[in-house]
Amino acid sequence: GAESLILNLAKATLPNQTNHEESSARHRSNGCDISIYTTHCSQSHCYDEVKPPNGALAPFVRIRGSWIPRKFIFGGTAL
């Protein structure tokens, strides 16, 4: 779905190198700034690319808004 598309686009901007430490430290890749924002990232239920410490995109994931409820009082669920 949409999550996979975002990750594929971010991976496409990564330099072709085995040592991602340099690009991770700069949070830049091929001249592009990469930041992936999410409200929740579960280690047991996420793509391998974003799992720390070995995921190629792990240094670029930012968790913000974790205080936003996933379920609402009136019965709806935010996905």
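Residues numbered from 1 in each chain as written. Predicted model: local features only at pLDDT ≥ 70, side-chain atom pairs only at ≥ 80, totals over all residues. Heavy atoms only, no water.

Okay, the confidence of the model for the protein next. Counting all residues, the mean pLDDT for the protein is 77, and 73% of those residues have values of 70 or more. No element of the protein has a lower mean pLDDT than helix 2 (residues 21-26), at 46, and none a higher one than strand 4 (residues 61-63), at 91. Here residues 18-26 scores under 50 on pLDDT; set against residues more than four positions off or in separate chains, the count is 10 contacts. (pLDDT = per-residue confidence, 0-100. Helix = DSSP H or I, 4+ residues; strand = E, 2+ residues; numbered from the N terminus. Contact = heavy atoms within 4.5 Å.)

The next point concerns the layout of surface pockets. Put simply, the largest pocket is a space of about 710 Å³. Taken together, 20 residues form the lining of the largest pocket, with E3, T38, T39, H40 and C41 sitting closest to its centre. (1 Å grid on protein atoms, 1.4 Å probe; cavity = no way out; pocket = protein on both sides within 12 Å on 5 of 7 lines; lining within 4 Å. Points joined across faces, edges and corners; volume = space filled by probe spheres on them.)

Listed in full, the 10 residues of the largest apolar core are L7, A10, L14, I34, I36, C46, V50, L57, F60 and V61. Among all residues touching A10, those that are not within four sequence positions of it are I34, I36 and L57. (Core = buried A, V, L, I, M, F, W, Y, C linked by side-chain atoms within 4.5 Å. Buried < 20%, exposed > 50% of the residue type's maximum accessible area, 1.4 Å probe, protein only.)

Here we come to the environment of S44. Position of S44 relative to the elements: it lies in the loop between strand 3 (36-38) and strand 4. Classification of S44 as exposed rests on a relative accessible area of 68%.

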